[in-house]
Amino acid sequence: MKTASAPELRAFMSVALRRQGVVGAIAPSSPALARALTAVVPRRGTPVVVELGPGTGPISEAIRERLAPGSRQLAVEIDPDLAAHLRRTKPWMETIQGDAADLGALLAGAGVERVDAVVSTLPWSLFPGERQERILGEVGRALAPWGAFTTVTYLHAVPLAGARALRRRLRSAFDEVLTTGPVWRNLPPGMAYVCRRPVTRV
Ligand SMILES: C[S@@+](CC[C@H](N)C(=O)[O-])C[C@H]1O[C@@H](n2cnc3c(N)ncnc32)[C@H](O)[C@@H]1O
């Protein structure tokens, strides 16, 4: 796993500067954060793995490194320029340009019935509560009963009301929500939530 190359950084910054209200980050995720978020991706078998908000693809690369041949790797990116960039630079991934809030319909369109892992770096702080709940519901319905969902939070935001509200929503949507230790080697430092057993299935 490597840090973002100059062309990747350029692609990220060009969209991030124009559409900060959609991207919600100042830099692509680091390899260390990517490792923390993708530890739930099965190394064995031929799983189906979905990424939400791939951007220029640092997490996509980390997912790919874990997957055996025959697995499926899909990514849902709302920004058309970033989706086009991903299709060009990562032809091995099934990039879907769309909204994570429509995950079920997007996966049905791709012929996917059950997902083993969902990895998200969506900018939760930019979404109103209802939208967060809708996306978490879509993720829960897409996941297999043994599946796992991971997402990121940034350390400076942990005490803020918005981050506390997201934690509450995660705990309502999943039976188990664990946090990893801090990942200092990321800008800004972050940590991963690891969620299992979606409540929407019960
Ligand atoms: C914080 S950036 C993360 C980019 C990259 N995965 C990384 O870790 O560096 C968030 C990404 O989510 C995308 N995004 C925002 N809202 C989305 C939505 N509703 N559905 C899918 N992607 C979305 C943005 O365009 C952006 O690429």
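As a starting point, this report considers the structure included with it. (Residues numbered from 1 in each chain as written. Predicted model: local features only at pLDDT ≥ 70, side-chain atom pairs only at ≥ 80, totals over all residues. Heavy atoms only, no water.)

### Section: the site of the ligand
Close to the ligand lie 23 residues, the nearest being Ser29, Gly53, Glu77, Asp99 and Thr121. Note that a nitrogen atom of the ligand is positioned 2.7 Å from one of the side-chain N or O atoms of threonine 121. Of all the elements in the fold, those that place two or more residues in the shell around the ligand are helix 2 (20-23), helix 4 (58-66) and strand 2 (72-77). The residue inventory of the shell around the ligand, partitioned by class, reads 14 nonpolar, 5 polar and 4 charged. (Near = heavy atom within 4 Å. Polar contact = N/O pair within 3.5 Å; in protein donor to acceptor, adjacent residues only side chain to side chain. Helix = DSSP H or I, 4+ residues; strand = E, 2+ residues; numbered from the N terminus. Nonpolar A, V, L, I, M, F, W, Y, C, P; charged D, E, K, R; others polar.)

### Topic: the packing of aromatic side chains
Under the defined criterion, the tally for this structure stands at 2 aromatic pairs. Arranged with centres 6.0 Å apart and planes meeting at 85 degrees, the rings of tryptophan 124 and phenylalanine 127 form a pair that is edge-to-face. On the basis of relative accessible area, tryptophan 124 is assigned to the buried category, the value being 4%. Phenylalanine 127 gets classed as buried once you look at its relative accessible area, which sits at 16%. Look at phenylalanine 149 and phenylalanine 174: their rings are 5.6 Å apart centre to centre, the planes differ by 10 degrees, and that puts the pair in the stacked class. With phenylalanine 149 in strand 5 (residues 143-154) and phenylalanine 174 in strand 6 (residues 174-179), the pair connects residues that are 25 residues apart, well separated along the chain. Note on accessibility: phenylalanine 149 and phenylalanine 174 belong to one class, buried. The cationic tip of arginine 131 hangs over the ring face of phenylalanine 127; the distance from NZ or CZ to the ring centre is 5.2 Å. (Phe/Tyr/Trp six-rings, centres within 6.5 Å; stacked < 30°, edge-to-face > 60°. Buried < 20%, exposed > 50% of the residue type's maximum accessible area, 1.4 Å probe, protein only. Lys NZ or Arg CZ within 6 Å of the ring centre and 35° of its normal.)

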